Amino acid sequence: MAKSRVVLVVVASICAITAACATPPPRPRAIAGRGMPNVHVVEPHVAPIRPKDAAECRVYDPTGRTPRYTRIPDVPSFPPPPRPDVQEVHGTTSWLGLGRPPRRPGSAIVVDRIPTRQKVVFLTIDDGSDRDPRTDALLRKAKVPVTVFLVGTVQRCETPYFRGMQRLGARMENHTEFHPLMPRRGLTGQRREICGPQPRFQKAFGHRPQLFRPPYGMFNADTLTAMSDCKVHYLVLWTVSVHDRRTIGYPHRRSHTLEPGDIILMHFQNDFVESYATVLKLVKEAGLTPALLEDYLQ
Ligand SMILES: [Zn+2]
């Protein structure tokens, strides 16, 4: 009970700071940052549509869209990432500066960055719906590994599309079935959200997700228990978020440059292409190279 109360306090504190517990999707709180116009402390995006049956999958059909853009931005080239120097990951202790996140013995580990001295960062892209039609061409041009936290309902409708992305170096991981605010669900509901997509991902992509990202970055101790029940080992948050081409957030960090081990959050949305190109330039300027997150979380 004591732990539950602590978790509630943490979640309530996060809500107080970010207003993230209002009716989703939450509006990110903007904080002035030196050299950066805004800092977003919650996942800033619109929740995906929930198809109830196959007929509704048509809303995701990218071939039915008229491209609004034609130009693929220039992106820097990178050397191959180094051979991973895997270190033991103990998990974050100060997510959002609010103290240690919930932890239960033997349950999943919460990470927001990777402990490494190697000059690598990790690119992650969330959700999967509402994609820019240039996304494929850009990923093909960039040739760097990314981790996609894919919503289950989107996967169900668009497995061929994401298999194509997998061939470009992307790894698909778990982002719930329906994209809810997890602390609003009980243990059974959270278990359903996490366990539900697992066998389908195995069948679609040839591996069972080992990583999970909670929608809006919100979770509680039940989330970690549900993850353990579903055999998902790491809850992945982020240190840097990119909302659009001009806005990059570094929550609770004094410096405003990328650092080795950073996990960078992006979304498939209308400004993804510009955001992705901007991030790659910043990674290059920092003397870093993108590496695959799964190689460092084993
Ligand atoms: Zn999301």
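Summary of the structure given here. (Residues numbered from 1 in each chain as written. Predicted model: local features only at pLDDT ≥ 70, side-chain atom pairs only at ≥ 80, totals over all residues.)

**Concerning the overall build of the chain**
Keep this limit in mind: Numbering of helices and strands starts at the N terminus; helices are DSSP runs of H or I of at least 4 residues and strands are runs of E of at least 2. Any residue surrounded by 20 or more other C-beta atoms within 10 Å of its C-beta is treated as buried, while 12 or fewer makes it exposed and the intermediate range makes it partly exposed; C-beta atoms here are placed from the backbone. Any residue pair is listed as a contact if its two C-beta atoms, each placed from the backbone, are within 7 Å.
Secondary structure summary: the chain contains eight helices and twelve strands in total. Every one of the 298 residues in the chain was classed for burial, and the buried ones make up 44%. Contacts in the chain between residues at least 24 apart in sequence constitute 75% of all its contacts with a sequence separation of at least 6.

**Looking at the pairing of strand β5 (residues 146-150)**
Spelled out, the test is: A pair of strands is labelled paired if DSSP reports no fewer than 2 bridges between them. Seen with its strands pointing away from the viewer, a crossover is right-handed when the path leading from the first strand over the helix to the second is clockwise.
Most of β5 sits out of view: five of its five residues are buried. Every second residue of β5 is oriented toward a common face, with Val146, Val148 and Leu150 on one face and Thr147 and Phe149 on the other, all of them buried. One ladder, built from four bridges, connects strand β4 (residues 120-127) with β5; its direction is parallel. Paired with isoleucine 125 across the bridge in β5 is valine 148. A crossover links β4 with its parallel partner β5, the connecting element being helix α2 (residues 135-142), and its sense is right-handed. Here five bridges tie β5 to strand β6 (residues 170-174), and the two strands are oriented parallel to one another. Looking at β6, one finds that threonine 147 is bridged to arginine 171.

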